[in-house]
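The residues making up each chain are set out below.
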Amino acid sequence: MINKSERQLVSSGSPYEATVGYSRAVRIGDLVFVSGTTAASGGKPVAIGDPEEQTRAIFETIEGALKKAGAGLKDVVRTRVYLVDIAHFEAVGKVHGEIFGDIRPANTTLEVSGFVSPDWLVEIEVDAVVAEASK
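Residues numbered from 1 in each chain as written. Predicted model: local features only at pLDDT ≥ 70, side-chain atom pairs only at ≥ 80, totals over all residues. Heavy atoms only, no water.

1. Concerning the pattern of salt bridges
- Counted under the stated rule, the structure contains eight salt bridges.
- Among the salt bridges present, the one from Asp-30 reaches Arg-27, with a minimum N-O distance of 4.0 Å.
- In this structure, Arg-56 and Glu-98 form a salt bridge, with 2.7 Å as the shortest nitrogen-oxygen distance. Of this pair, Arg-56 sits in helix α2 (residues 51-68) while Glu-98 sits in helix α3 (residues 89-100), placing them 42 residues apart in sequence.
- Exposure remark for Glu-98: the relative accessible area of 47% places this residue in the partly exposed category. (Salt bridge = Lys/Arg side-chain N within 4 Å of Asp/Glu carboxyl O. Helix = DSSP H or I, 4+ residues; strand = E, 2+ residues; numbered from the N terminus. Buried < 20%, exposed > 50% of the residue type's maximum accessible area, 1.4 Å probe, protein only.)

Next comes the structure, spelled out in structure tokens:
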């Protein structure tokens, strides 16, 4: 069990974590915050040009971070989705719905002007509250 005042940092091994100074996720008590996550492996874009597959890759990374923090996708209460092209809303929303159709967290989806890599089409961040069953 996590002490309510204990700060647990979760790393995904991204080269940006140390240089930029952030964690993939942070857990304090029952709260888990997962940083904006893109479709990358070792800092390199994956599924270039395919917003649906990028979204799947992103949720795999997010799910892994949640697991390391003692949580799961069922604990997610808010998602924030950033798209470089709002025309990708349906493709990305389809995957979001497959994952969260029964969980139904609060969601915000926004179009942004760009990301660090022009090959990234989607970035997603989530917040979770760990349920008793997850502890």
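2. Some thoughts on α2
- Helix length check: α2, at 18 residues, gives a terminal C-alpha distance of 26 Å against a target of 26 Å (1.5 Å per residue), a fit within 8%.
- Restricting attention to buried positions, one finds in α2 the residues Pro-51, Glu-52, Gln-54, Thr-55, Ala-57, Ile-58, Phe-59, Ile-62, Ala-65 and Leu-66.
- Taken together, the buried residues of α2 touch β1 (7-10), β2 (25-28), β3 (31-37), β6 (76-83), α3 and β8 (122-129).
- Put simply, Asp-50 is the residue that caps the front of α2, since its side-chain oxygen is 3.1 Å from the backbone nitrogen of Glu-52. (Expected span 1.5 Å × (residues − 1). Contact = heavy atoms within 4.5 Å. Polar contact = N/O pair within 3.5 Å; in protein donor to acceptor, adjacent residues only side chain to side chain.)

3. Considering the pairing of β3
- Two strands pair when backbone bridges link them, and β2 and β3 are joined in this way by four bridges, in the antiparallel orientation. Residue pairing for β3: Ile-28 is matched across the bridge by Leu-31.
- Connecting β2 to the next strand, β3, in antiparallel fashion are two residues, including Gly-29 with a positive phi near 60°.
- Relative to β8, β3 runs antiparallel, the two sharing five bridges. Across the sheet, residue Phe-33 finds its bridge partner in β8, namely Asp-127. (Pairing = 2+ DSSP bridges.)

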